[in-house]
2 protein chains.
Amino acid sequence: MLWLLARGLKRMTTLHYLQTPALLLDPEALDANIGAMHAALPGPRLRPHVKAHKCTAIAARQRDAGHALFCCATVREMEGMAAAGLGEDLLLANEVVDASRLGALDARITLAVDSETTVEAAARGGVKEVLIDVNVGLPRCGCKPEAAGALADLARRQGLGVRGVMGYEGHIMGVEERGEREAACTASMALLREAHEQVGGEIISAGGTGTFDCNVYASEIQAGSYVLMDTAYAKLGLPFVQAFWVLATVISVGDGFAVADCGLKALGMDHGNPHVDGARIWFCSDEHLTFAPEAPVKVGDRIRVVPAHVDPTVAYHARFHVIEGERVVDEWPVDLRGW
Amino acid sequence: MLWLLARGLKRMTTLHYLQTPALLLDPEALDANIGAMHAALPGPRLRPHVKAHKCTAIAARQRDAGHALFCCATVREMEGMAAAGLGEDLLLANEVVDASRLGALDARITLAVDSETTVEAAARGGVKEVLIDVNVGLPRCGCKPEAAGALADLARRQGLGVRGVMGYEGHIMGVEERGEREAACTASMALLREAHEQVGGEIISAGGTGTFDCNVYASEIQAGSYVLMDTAYAKLGLPFVQAFWVLATVISVGDGFAVADCGLKALGMDHGNPHVDGARIWFCSDEHLTFAPEAPVKVGDRIRVVPAHVDPTVAYHARFHVIEGERVVDEWPVDLRGW
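Residues numbered from 1 in each chain as written. Chains lettered and ligands numbered in written order. Predicted model: local features only at pLDDT ≥ 70, side-chain atom pairs only at ≥ 80, totals over all residues. Heavy atoms only, no water.

Participant: Can you tell me about the pairing of strand E5 (residues 129-133) of chain A, naming the residues and giving the values?
Facilitator: Residues and elements named next belong to chain A. Within E5, 5 of the 5 residues are buried, which leaves it mostly tucked inside the rest of the structure. In E5, alternate side chains face the same way, and those of Glu129, Leu131 and Asp133 on one face and Val130 and Ile132 on the other are all buried. Pairing between strand E4 (residues 109-113) and E5: 4 bridges, direction parallel. Across the sheet, residue threonine 110 finds its bridge partner in E5, namely glutamate 129. Between the parallel pair E4 and E5, the chain is carried across by helix H6 (residues 116-124), and the sense of this crossover is right-handed. With 5 bridges connecting them, E5 and strand E6 (residues 161-167) associate as parallel partners. Looking at the pairing, glutamate 129 lines up with glycine 161 of E6. After leaving E5, the chain enters helix H7 (residues 148-157) and then returns to the sheet as E6, a path that is right-handed. (Buried < 20%, exposed > 50% of the residue type's maximum accessible area, 1.4 Å probe, protein only. Helix = DSSP H or I, 4+ residues; strand = E, 2+ residues; numbered from the N terminus. Pairing = 2+ DSSP bridges. Right-handed = clockwise from strand over helix to strand, strands pointing away.)

Participant: With reference to specific residues and values, describe the layout of surface pockets.
Facilitator: Over the atoms rolls a probe the size of a water molecule, and in doing so it shows where empty space is left. Each pocket or cavity is described by its volume, and for the largest pocket that value is around 1300 Å³. Lining the largest pocket are 49 residues, and of these Arg101(A), Tyr17(B), Leu18(B), Gln19(B) and Thr20(B) lie nearest its centre. For the lining of the largest pocket, the secondary-structure elements that each account for two or more residues are helix H5 (100-103) and H6 of chain A together with helix H1 (2-13), strand E1 (22-25), strand E9 (244-253), strand E14 (319-324) and strand E15 (327-333) of chain B. The element contributing the most residues to the lining of the largest pocket is H1(B), with 5 residues. Here the residues of the lining of the largest pocket sort into 19 nonpolar, 14 polar and 16 charged. (1 Å grid on protein atoms, 1.4 Å probe; cavity = no way out; pocket = protein on both sides within 12 Å on 5 of 7 lines; lining within 4 Å. Points joined across faces, edges and corners; volume = space filled by probe spheres on them. Nonpolar A, V, L, I, M, F, W, Y, C, P; charged D, E, K, R; others polar.)

Participant: So what's going on with the sheet that holds strand E8 (residues 220-221) of chain A? Residues and values would help.
Facilitator: Residue and element names in this part refer to chain A. Within the open sheet, the 7 strands sit side by side as E2-E3-E4-E5-E6-E7-E8. Their pairing is parallel. A single partner strand is all that each edge strand has here, and the edge strands are strand E2 (70-72) and E8. Here 4 bridges tie E6 to strand E7 (residues 203-206), and the two strands are oriented parallel to one another. Within E7, the position partnered with methionine 166 by the bridge is serine 205. The strands that H7 touches are E5 and E6; relative to E5, the one it contacts most, it runs at about 165°. (Contact = heavy atoms within 4.5 Å. Axes fitted to C-alpha atoms, helices over the stretch in contact; angles between N-to-C directions.)

Participant: Tell me what's going on with the interface of chain B and chain A, and back it up with residues and numbers.
Facilitator: The partner chain A presents 56 residues to the 56 residues of chain B that form the contact. Taken over both partners, the interface formed by chain B and chain A buries close to 4300 Å², and the fraction arising from carbon and sulfur atoms is 59%. Linking chain B to chain A there are 6 salt bridges. On inspection of chain B and its partner chain A, the count reaches 22 residue pairs in polar contact (both at pLDDT 80 or more). Breaking the side of chain B that touches chain A down by element, the ones donating at least two residues are H1, helix H5 (100-103), helix H6 (116-124), E9, strand E11 (279-284) and helix H10 (310-314) of chain B. The element that contributes the greatest number of residues to the side of chain B that touches chain A is E9(B), accounting for 4 residues. When the residues that make up the side of chain B that touches chain A are grouped by side-chain class, the tally is 20 nonpolar, 19 polar and 17 charged. (Buried area = accessible area lost by both parts, 1.4 Å probe. Salt bridge = Lys/Arg side-chain N within 4 Å of Asp/Glu carboxyl O. Polar contact = N/O pair within 3.5 Å; in protein donor to acceptor, adjacent residues only side chain to side chain.)

Participant: Before we move on, can you summarise the relation of the copies chain B and chain A with the specific residues and values?
Facilitator: After a rotation of 180° and a shift along the axis of 0.0 Å, chain B superposes on chain A with an RMSD of 0.0 Å. Taken together, the rotation and translation relating the two chain copies correspond to the operation of a two-fold axis. Most of the interface of chain B is mirrored in chain A: 100% of its interface residues are interface residues there too. (Least-squares fit on C-alpha atoms with pLDDT ≥ 70 in both.)

Participant: Tell me about the pattern of salt bridges, and name the residues and values.
Facilitator: For the structure shown, the criterion picks out 36 salt bridges over all chains. Between Glu220(A) and Arg47(A) there is a salt bridge, and its shortest N-O distance comes to 2.6 Å. Taken together, the residues Glu220(A) in strand E8 and Arg47(A) in the loop between helix H2 (27-40) and helix H3 (56-64) connect sequence positions 173 residues apart. For the pair Glu220(A) and Arg47(A), a shared accessibility class is recorded, and that class is buried. For Asp31(B), the salt bridge identified is with Arg61(B), shortest N-O distance 2.8 Å. Of the two residues, Asp31(B) is situated in helix H2 (residues 27-40) and Arg61(B) in helix H3 (residues 56-64); the sequence distance between them amounts to 30 residues. Each of Arg47(A), Asp89(A), Arg163(A), Glu202(A) and Glu220(A) takes part in salt bridges that share partners, so that together they form one network.

Participant: An account of empty space enclosed by the protein is needed here, citing residue identities and associated values.
Facilitator: In total, this model carries 2 cavities of 30 Å³ or more according to the counting rule given. Computed from the structure, the largest cavity encloses a volume of approximately 60 Å³. Residue lining of the largest cavity: 14 residues in total, with Leu267(A), Gly268(A), Met269(A), Tyr316(A) and Met269(B) positioned closest to the centre. Among the residues forming the lining of the largest cavity, the class breakdown is 10 nonpolar, 2 polar and 2 charged. Empty space within the second largest cavity amounts to approximately 30 Å³. If you go around the second largest cavity, the residues you meet are Gln19(A), Val75(B), Asp98(B), Ser100(B) and Arg101(B). By residue class, the composition of the lining of the second largest cavity is 1 nonpolar, 2 polar and 2 charged.

Participant: Please give an account of the packing of H7(A) against helix H8 (residues 178-199) of chain A that cites residues and values.
Facilitator: All names here are of chain A. Packing of H7 against H8 brings their axes to within 8 Å, and their N-to-C directions diverge by 35°. Crossing handedness for the pair H7 and H8: right-handed. The residues of H8 that touch H7, namely those facing Ala148, Gly149, Ala152 and Arg156, are Ala195, Gln198 and Val199. Taken together, the residues of the contact of H7 with H8 break down into 4 nonpolar, 2 polar and 1 charged. (Left-handed = near helix turned anticlockwise from the far one by under 90°.)

Participant: I'd like a description of the sheet that holds strand E8 (residues 220-221) of chain B, backed by residues and values.
Facilitator: Residues and elements named next belong to chain B. Pairing is parallel in the open sheet, where 7 strands are placed in the order E2-E3-E4-E5-E6-E7-E8. Edge positions in the sheet fall to strand E2 (70-72) and E8, since each has one partner strand and no second. Running at roughly 165° to strand E5 (residues 129-133), helix H7 (residues 148-157) makes contact with E5 and strand E6 (161-167) of the sheet. Packed onto the sheet, helix H8 (residues 178-199) meets E5, E6 and strand E7 (203-206) and runs at close to 170° relative to E6.

Here it is in structure tokens:
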């Protein structure tokens, strides 16, 4: 009985006893990233995007450090943030055709709109405030810059407050050469400024982790990935460090390769294979990672896998295991999953 | 009040009111696939793999149609199947270094082992029976064929029942030319037969949806995807039909493209972009699918997205919405997620 108790305690308190695959979060690295971002973009200059972490405990840490305005990608994220008391100023930076769940929230809600239909959906759903979403070069959502003024007028006629514009320059977020990234950002923001001149309002919301320090046109930056990071953003030479990993267990060792229990269902794969220090990745299967380690590994060894894309990786997991060295000191639910 | 009630009812009963993205399941197509598989591989000739659907309601449908032995990829899947009363004969076709959760289950449990460490883990965890997992050409788990006999001896010395061998020819599952697939399968199964001659036991477990009718060497086939299908398996000319989709809503329309609310967090992306009838896919973002439709679409339209890879797609969702035409008649939880 005492043995069982001690074993249960160990399970909670060291990495060795974690069921794998498991998300690990280093709170020191997290705080370093939050601090570095705060130094560059204090207070309302940043509107952290919660889609990267989907975790109200991380959002609360961002709020406590001075970033209290948030950005979401789904209605579920908006609901969860409001329920967690993080609803001082929530922007859904995405279009919806049914806004009724948003109108019901006890929080300050602003919704992106880019068409007559989405303006009408906002009004019908009981939303009070909107941003006009503008296409600044990424063929995704957003109206044409020259159509923004008429949409703002329509919104005002429907009784909506128009706080300004947003436009996401997502097509240049991963451009590795900084000069090229800056030039493309300037071109995108010229389109957003053109729209803003017609729309008015105090908010020009744009940007992301890749352009947080070269987008000097936006009044607020919608960055999310900086807080956790991944191998794609690591290539850009940004002042942020890797703060999360997928812990995996080596379950098989072959001739020149080994296999860990972390596969396609524990990793977002759209940016390709993950990274493991001191190893070359061969391929991922549903529940397996086959890799060639430089130094021998044995069955039972633990490895840390660095995901290629943070957002779709986190969305597969139910919780972060918060660590201090080899100790697991807390669990933070990934409580904003689903839609 | 009555209006609200009617609206709530509608939400439950037609596709138009579903929150998107949402998994749709056509039970007629599902039953057709189960029936086609049963015609080819009746009763114990098939051991359906639950990793593709992670849903005990679908597993129960497979059991009721005559396939009562199941295959799992994770400990969580084994636990969920046992708890759902589907534990007549469960194989964990994967290696683990801690089998204690398996040993505690009220079900017939068989575990794959491929090393001394995993044999010892099985015995220590209270598992009673094992299969010797053999590498038949896919560099993943599995011992060398010539090492299988010694591992079986070790397992028997540890008090474990050795039911036979397994080997997954996953490297040839997607080979599109049938003759080539058959030849590669024959070569893989020669390795498994070599191992089986040393190991003994009544089970030779292998195969998958891509080799279900050309692997004539295995005593049982571990197919899973056939029941739901995806665009990758659709290329092989198999007698199975698409039985699930991700329903999405058009939220924005641009010049020559449209955007739906189904992105990287609703789709497994390792096999590339999904398919939409009558449209060319441009790209996916976290919560968006940008596509060029052949005929005009408008904001609010619903589209059905066919995933490129079934398993990691289903793992992102909490439930299947079971449909009859445009009506939603049931919800089946994806209750085997996590680890």
